[in-house]
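So you can see what is in the structure, the chains are spelled out below.
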Amino acid sequence: MNTSHVKLVATVVLACFSLVACNTTTVKTTSYEQVNLESEVTPEELLLDVGVGIFNPGTDALSAGEEGVFPKIREAEARFMPYKLMETLQHTGNWGVVRVIPDRLSEVDVWVDGEILKSDGENLWLQVTVEDASGKRWFSKKYTGVAGKYSYDDTTSNQREPFQKVYNQVANDMLAYRNQFDAAEIRNMRTIAELKFARDFSPEVFHDYLALDEKGRYVVKRLPAADDPSLEQIRQIRERDYIFVDTLQQYYASFVNQMEEPYKEWREAFYLESQALREVKSEANTRLIGGALAVLAGILAQGVDSRTANTAGWVGIGAGAAAIQSGLQKREEAKIHVEALEEVSASLDSEIEPHSIDLEDRTVTLSGTVNEQYGQWRRILKEIHATETGSAVDTGK
């Protein structure tokens, strides 16, 4: 074999060992975006009420075995994240009452719906859609957030929600869009929401107050008189509906409070395990590739006449085989990390099992999914309202 061939073999061998020895560490950080506040106090009648729906967990589009996705946890997150967004919107003071309302149980001025595209403790991707009571879509936008290096570091003073930036961005975009409307347009949204509620509870009286335009949006055809007794009755019913929805908020807050600590621990563990898993896989792949190349270089060296080169070839084959074996061992370690993630997810599942709520005259136990628990809670409230106020309220519901 000629000199150039020997040089080629030597180059391949060196590249192999360089590749195996190479180790790259990536540090991700994220900036923090402050939530925007109105510079002037908005009159109460111009504050739009907001309903935040339970998010779509996004599991339908995922394969059942996709790595790092736990459907039960996604379902819990689909209830946890709307509450965090609700808190963010409420704390700005830029809106009226902000509530988490599953399945659009009550009419409000503005609706927020979301879908979880990715959530793994390190990354959060949300698709958020906002529309008003008329059906006009304000926007549908993808939001992404990355947990910083110190997001889960309890030794620092930073104890904020790791993905608060995402919720702040949604709040800021909603405020910017709302500020495009004048007072008359905002009042019109509120009127449409009220008339939709009135039509649902008393269609025989309010069926012709609204119509759909060519874009499929609600428009006001006519208005009831300010002292219309039917409208006044509807407003009283709506106040009772608010009481019902507010009671749901108390229950939902209890659910989120119970979930918060184990969920934080799960996200932190998932974050750390995902980092370790990625590093292990990267190292395993590097060792496998480097080992294969080293074996190849050793085989090529067998064709060299020089005894030294021949010996180097056997060394290359041996080193390559060892690197391949090491890489396979690393992949076994990766399986251990996946098992650890599954154990963590099972731990969280156990924290969101059915629990009891104490009422004045009894204790009720809610079971099933959160949506099913909402349904049970609603039926219980219907019974309470029927007992306290009579059949008229029951009929209204």
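Residues numbered from 1 in each chain as written. Predicted model: local features only at pLDDT ≥ 70, side-chain atom pairs only at ≥ 80, totals over all residues. Heavy atoms only, no water.

Draft legend 1. Just the pattern of salt bridges, in detail. Counted by the stated rule, this structure contains ten salt bridges. Between Arg104 and Asp113 there is a salt bridge, with the nearest N and O atoms lying 2.8 Å from each other. A relative accessible area of 27% means that Asp113 is categorised as partly exposed. Here Asp173 and Lys141 are joined by a salt bridge, their closest N and O atoms 2.9 Å apart. Here Lys141 lies in strand S5 (residues 137-146) and Asp173 lies in helix H3 (residues 164-178), a separation of 32 residues in the sequence. Classification of Asp173 by relative accessible area gives partly exposed; the value is 23%. Overall, Lys141 belongs to the partly exposed group, its relative accessible area being 38%. Here the residues in one salt-bridge network are Arg104, Asp113 and Glu131, joined through shared partners. (Salt bridge = Lys/Arg side-chain N within 4 Å of Asp/Glu carboxyl O. Buried < 20%, exposed > 50% of the residue type's maximum accessible area, 1.4 Å probe, protein only. Helix = DSSP H or I, 4+ residues; strand = E, 2+ residues; numbered from the N terminus.)

Draft legend 2. Broad picture of the nonpolar core. Of all hydrophobic cores here, the largest spans 50 residues; its most connected members are Val50, Val52, Met81, Leu89, Leu126, Trp138 and Met174. Apart from residues no more than four positions distant in its own chain, Leu126 is found in contact with Phe55, Met81, Glu115, Ile116, Leu117, Lys141, Lys142, Tyr143, Val166 and Tyr167. Residues Ala133, Phe206, Ile234 and Ile237 belong to the second largest nonpolar core, which totals twelve residues. (Core = buried A, V, L, I, M, F, W, Y, C linked by side-chain atoms within 4.5 Å. Contact = heavy atoms within 4.5 Å.)

Draft legend 3. Summary view of H3. With 15 residues, H3 should reach 21 Å at 1.5 Å per residue; the first-to-last C-alpha distance of 21 Å fits that figure. With respect to burial, H3 is a largely interior element, 13 of its 15 residues being buried. (Expected span 1.5 Å × (residues − 1).)

Draft legend 4. Summary view of the packing of aromatic side chains. Using the criterion set out here, one finds six aromatic pairs in the structure. Taking 5.2 Å as the distance between ring centres and 20° as the angle between the ring planes, the aromatic pair formed by Trp138 and Tyr177 counts as stacked. Linking Trp138 in strand S5 with Tyr177 in helix H3, this pair joins segments that are 39 residues apart in sequence. A single burial state applies to Trp138 and to Tyr177, both of which are buried. On the basis of an interplanar angle of 50° and a centroid distance of 5.3 Å, the ring pair of Phe206 and Tyr209 is categorised as tilted. For Phe206, a relative accessible area of 1% corresponds to the buried category. Put simply, the rings of Trp95, Trp138, Phe139, Tyr177 and Phe181 touch in pairs and so form one group of aromatic residues. Over the aromatic face of Trp125 sits the side chain of Lys142, whose NZ or CZ is 4.3 Å from the ring centroid. The ring of Tyr209 is capped by Arg222, whose NZ or CZ atom sits 4.1 Å from the centre of that ring. (Phe/Tyr/Trp six-rings, centres within 6.5 Å; stacked < 30°, edge-to-face > 60°. Lys NZ or Arg CZ within 6 Å of the ring centre and 35° of its normal.)

Draft legend 5. Main features of the sheet that holds strand S3 (residues 110-119). The five strands lie next to each other as S2-S1-S3-S4-S5, forming an open sheet whose pairing is mixed. Two strands in the sheet have a free side with no partner beyond their single neighbour: strand S2 (98-100) and S5. Direction aside, the axes of adjacent strands within the sheet are offset by 20° on average. Bridge count for strand S1 (residues 50-52) against S3 is three bridges, and the pairing is parallel. Within S3, the position partnered with Gly51 by the bridge is Trp111. Each of S1, S2, S3 and strand S4 (123-132) touches helix H2 (residues 71-92); the most contacted strand, S3, lies at about 130° to it. Contacts between H3 and the sheet are confined to S1, S3, S4 and S5, with S5 contributing the most and set at about 155° to the helix. (Pairing = 2+ DSSP bridges. Axes fitted to C-alpha atoms, helices over the stretch in contact; angles between N-to-C directions.)

Draft legend 6. Quick look at the environment of Val130. Along the chain, the position of Val130 falls in strand S4. Taking the C-alpha atoms as reference points, Val130 and Met174, separated by 44 residues in sequence, lie 7.8 Å from one another. Once you skip the residues sitting within four places of it in the chain, Val130 turns out to touch Val110, Trp111, Val112, Lys136, Arg137, Trp138, Phe139 and Met174.

Draft legend 7. View of the side chain of Gln249. Here Gln249 is to be found in helix H6 (residues 229-301). Gln249 sits in the buried class, given a relative accessible area of 12%. When near neighbours in sequence (up to four residues on either side) are disregarded, Gln249 contacts Met86, Arg99 and Val100.

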